[in-house]
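# Descriptive analysis of the structure
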Amino acid sequence: QQQVKQSPQSLIVQKGGISIINCAYENTAFDYFPWYQQFPGKGPALLIAIRPDVSEKKEGRFTISFNKSAKQFSLHIMDSQPGDSATYFCAASSPGGGADGLTFGKGTHLIIQP
Amino acid sequence: AAGVIQSPRHLIKEKRETATLKCYPIPRHDTVYWYQQGPGQDPQFLISFYEKMQSDKGSIPDRFSAQQFSDYHSELNMSSLELGDSALYFCASSLVRGNEQFFGPGTRLTVL
């Protein structure tokens, strides 16, 4: 059972546009929701993360929106650039003292067209 | 800024052989996590350690074992390798209460 469902699987956005990736989770014990960016053959890089006590967090061109009641969260990339072309993963973890492993979504392959 | 160091970066083994992957966390980070990522797949959590003790366990096969040492580095030991073990293996580190996990560059394991 996929505990974190991510959509879309792939996304093509024009340069300068807004890229939106969505995730939904089942486990109400999850309390930490990060987004990672991964280029081929490289390790996932932490982009931005949120906890359920806030509904939105913005860092530069990246914004997370969080809806606790719907158990959904999304990543918005404003002014998308060709260099943003990568695979994006949402993830979640539960408290457990802070050393719990992350549960990842299946990933979104994002292509920004020049 | 210093990042997570993994060695080796590439490893080729035959079926039924053993492999040892090493991970050196970011300085001052005391928690280490291991993940396995197959081609086109999302990373799958294997196991984590805090203060040399196993903290959380995911989908780690019984053929695999891991430990964390007093200097906080960790090693993932893989025995009786199978073709399906071919994957990227990532180590991540964090401060226990931070939750922010920072990933290393990975070790690409190929089993022939």
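The structure this text deals with has already been given above.
Now for a quick tour of the structure. This structure is a prediction, so every number in the text was calculated from the model and none was measured. (Residues numbered from 1 in each chain as written. Chains lettered and ligands numbered in written order. Predicted model: local features only at pLDDT ≥ 70, side-chain atom pairs only at ≥ 80, totals over all residues. Heavy atoms only, no water.)

## Observations regarding the packing of aromatic side chains
Worth spelling out the cut-off: Pairing of aromatic side chains here covers Phe, Tyr and the six-membered ring of Trp, requires ring centres within 6.5 Å, and sorts the geometry by plane angle: under 30 degrees stacked, over 60 edge-to-face, intermediate tilted. Each helix is a run of H or I in the DSSP string that is no shorter than four residues. Each strand is a run of E no shorter than two, and both are numbered from the N terminus. Here the term buried applies to any residue with accessible area under 20% of the maximum for its type, exposed to any over 50%, and partly exposed to those in between, with areas from a 1.4 Å probe on protein chains only.
Across all of its chains, the model carries 17 aromatic pairs over all chains by this definition. Ring geometry for Tyr25(A) versus Phe73(A): centroids 6.3 Å apart, planes at 55°, classification tilted. Of this pair, Tyr25(A) sits in strand β3 (residues 19–25) while Phe73(A) is found in strand β8 (residues 72–77), placing the two residues 48 residues apart along the sequence. The exposure classification of Tyr25(A) matches that of Phe73(A), with both residues buried. Measuring from ring centre to ring centre gives 4.8 Å for Phe33(A) and Phe66(A), while their planes differ by 45°; the resulting arrangement is tilted. Separated by 33 residues along the polypeptide, Phe33(A) in strand β4 (residues 33–38) and Phe66(A) in strand β7 (residues 62–67) bring together distant segments of the chain. In this pair, the class of Phe33(A) matches that of Phe66(A), namely buried. Ring-pair connections join several aromatic residues into one group, and the members of that group are Tyr36(A), Phe89(A), Phe104(A), Tyr35(B), Phe45(B), Phe90(B) and Phe103(B).

## A closer look at the sheet that holds strand β8 (residues 74–78) of chain B
All names here are of chain B. Where we set the bar: In this scheme, strands are said to pair when DSSP sees at least two bridges between them. Here the axes come from fitting lines to C-alpha atoms, over the contacting stretch only for helices, and the angles between their N-to-C directions go from 0 to 180 degrees.
Across the sheet, which stays open at both edges, the four strands sit in the order β1-β3-β8-β7 with antiparallel pairing between neighbours. For this open sheet the edge positions go to β1 (5–7) and β7 (64–68), each flanked by a neighbour on one side alone. Here the average twist between neighbouring strands, direction ignored, is 15°. Bridge count between strand β3 (residues 19–24) and β8: five bridges; the pairing is antiparallel. Residue Leu-21 lies in a different strand from β8, and its bridge partner there is Leu-76.

## Some details on the nonpolar core
Just so we agree on the cut-off: For our purposes a nonpolar core is just a set of buried Ala, Val, Leu, Ile, Met, Phe, Trp, Tyr and Cys residues, chained together by side-chain atoms within 4.5 Å.
Judged by nonpolar contacts, the single largest core of 24 residues is most densely connected at Phe33(A), Trp35(A), Phe73(A), Leu75(A) and Tyr88(A). Of the residues forming this core, the biggest block, four residues, is contributed by strand β9 (residues 86–92) of chain A. Counting residues in hydrophobic clusters, the runner-up holds 22 residues, among them Ala19(B), Leu46(B), Phe64(B) and Ala87(B).

## Some remarks on unusual backbone geometry
Backbone phi values are negative for most residues with the exception of glycine, while trans is the configuration of most peptide bonds. Pro8(A) follows Ser7(A) through a cis peptide bond whose omega is -5°. Considering the arrangement of structural elements, one finds Pro8(A) in the loop between β1 (4–7) and β2 (10–14). A cis amide bond links Ser7(B) with the next residue in sequence, Pro8(B), at an omega value of -10°. Positioned with a positive phi, Asp79(A) is a non-glycine residue whose angle comes to about 45°. For Asp79(A), the location among the structural elements is in the loop between β8 and β9. One non-glycine residue, Arg28(B), lies in the positive phi region at around 80°. Its place among the elements puts Arg28(B) in the loop between β3 and β4 (31–37).

## Here's the deal with the side chain of Ser74(B)
All names here are of chain B. This is how it is decided: We call two residues in contact whenever any of their non-hydrogen atoms come within 4.5 Å of each other.
Topologically, Ser-74 is positioned in strand β8. Judged by its relative accessible area of 0%, Ser-74 is buried. Non-local contacts of Ser-74, meaning those with residues more than four positions away in its chain, are made with Leu-21, Lys-22, Cys-23, Val-32, Trp-34, Phe-49, Gln-67 and Gln-68.

These figures capture arrangement, not role.
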